[in-house]
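Spelled out, the chains give:
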Amino acid sequence: DSAPRAELWRKEGVTWEKQGNFGRALAALSAAEHVGASPPGASGAGTGDRRALPSKVQAELELSRGDVYWNQEAFEAAAAAAERALPVLSDQPEGLALARAVYLLGHLAELSGDYQKAEDCYQRSLAIRERIGDQQGMGTCWYGLGMVAYDRGDPARAEECHQRALAIRERIGDEWCV
């Protein structure tokens, strides 16, 4: 089974991304994708077909690639990666990966000025995160909703959302959710 090896490569890519080494992050994600594409007969070989990786693993790789592109400010590439991941993740039980993909699409919509799409995505991501108990992600979603309200000229709603994000941050002791 190549999925566990692909997941190790994906985690290495995430580690490099968090350290700001985007080239190595993308190389690790590419290596993860190709775990299932090793030539038959090679040591630890896959099937020779990258589709041998489960679709959920492929979607997680796309989502991680989208995070790297986001941090490189390659927003169109980030959106494309999230869009490629979304159909597979939508067919799975709702989880963190789907919440991340939807949030990323919301953030990209916000940057492009599509505030309705951004709000819809943040609300959907928030609902998923509430169901799975992801406090940090809930704080991030509330912050995003506050930014959309601010961008729309609704300072009262923006303050309300940001206060909810801040309350979560203080409760869990996490500086990254806002």
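Check the entry above for the structure.
Numbers given to residues run from 1 along each chain, matching the order in which its sequence is written. Reporting of local features is limited, given that this is a predicted model, to residues whose pLDDT is at least 70; pairs of side-chain atoms are given and counted only at 80 or more, and all residues count toward the totals for whole chains, interfaces and linings. No hydrogens and no water enter the side-chain calculation; it runs on all heavy atoms of the structure.

Some remarks on the packing of helix 6 (residues 115–132) against helix 7 (residues 135–151)
Working convention: axes come from line fits to C-alpha atoms, limited for helices to the stretch in contact. Angles between N-to-C directions cover 0 to 180 degrees. Note on conventions: DSSP H or I runs of at least 4 residues are helices, E runs of at least 2 residues are strands, and numbering of each starts at the N terminus. Interaxial distance between helix 6 and helix 7 falls to 9 Å at its minimum, and their mutual angle equals 160°. One way to sum up the angle between helix 6 and helix 7 is to call them roughly antiparallel. Of the two possible hands of crossing, helix 6 and helix 7 adopt the one that is left-handed. Of the residues in helix 7, those in contact with Tyr115, Ala118, Glu119, Tyr122, Gln123, Ser125, Leu126, Arg129 and Glu130 of helix 6 are Gly137, Met138, Cys141, Trp142, Gly144, Leu145, Val148 and Asp151. When residues are grouped by polarity, Ala, Val, Leu, Ile, Met, Phe, Trp, Tyr, Cys and Pro land in nonpolar, Asp, Glu, Lys and Arg in charged, and all others, Gly among them, in polar. Residue composition of the contact of helix 6 with helix 7, by class: nine nonpolar, four polar and four charged. Here the word oblique covers every angle except those under 35 degrees (roughly parallel), over 145 (roughly antiparallel) and from 65 to 115 (roughly perpendicular). For any helix crossing, the convention is left-handed if the near helix is rotated counterclockwise from the far helix by under a right angle, and right-handed if that rotation is clockwise. Contacts are assigned to residue pairs that have any heavy atoms within 4.5 Å of one another.

Quick word on the layout of surface pockets
Here a cavity means grid points, on a 1 Å grid over the protein atoms only, where a 1.4 Å probe fits yet cannot get out; a pocket means an open set of points with protein on both sides within 12 Å along at least five of seven lines; lining residues are those with an atom within 4 Å of a point. Grid points are joined across faces, edges and corners, and a volume is the space filled by probe spheres set on the points. By volume, the second largest pocket amounts to about 150 Å³. In terms of lining residues, the second largest pocket is bounded by 10 residues, among which Glu33, Ser55, Gln58, Ala59 and Glu62 are the most central. Listed by contribution, the elements that provide at least two residues to the lining of the second largest pocket are helix 3 (55–71) and helix 4 (75–90). For the lining of the second largest pocket, the leading source of residues is helix 3, giving six residues. Its residues placed into classes, the lining of the second largest pocket shows three nonpolar, two polar and five charged.

Looking at the side chain of glutamate 17
Inspection of the secondary structure assignment puts glutamate 17 in helix 1 (residues 3–18). Three labels apply to residues, based on accessible area from a 1.4 Å probe with only protein chains included: buried if under 20% of the type maximum, exposed if over 50%, partly exposed otherwise in between. Just so you know, the count uses Lys and Arg for positive and Asp and Glu for negative, and it drops His and the chain ends. Note on definitions: salt bridges are taken to be side-chain nitrogens of Lys or Arg within 4 Å of carboxyl oxygens of Asp or Glu. In this structure, glutamate 17 is buried with no salt-bridge partner, the nearest side chain bearing the opposite charge being lysine 18 at 4.4 Å. Residues in contact with glutamate 17, not counting those within four places in the same chain, are Phe22, Ala25, Asp67, Val68 and Asn71.

Thoughts on the nonpolar core
By size, the foremost hydrophobic cluster in this structure holds 19 residues, and its most contacted members are Leu63, Leu86, Leu89, Leu98 and Leu104. When contributions to this core are tallied by element, the ones reaching two or more residues are helix 3, helix 4, helix 5 (96–111) and helix 6. The element best represented in this core is helix 5, accounting for eight residues. The residues touching leucine 86, leaving out its near neighbours within four places in the chain, are Leu98, Ala101, Val102 and Leu105. As used in this record, nonpolar core signifies buried Ala, Val, Leu, Ile, Met, Phe, Trp, Tyr and Cys residues forming a set joined through side-chain atoms within 4.5 Å.

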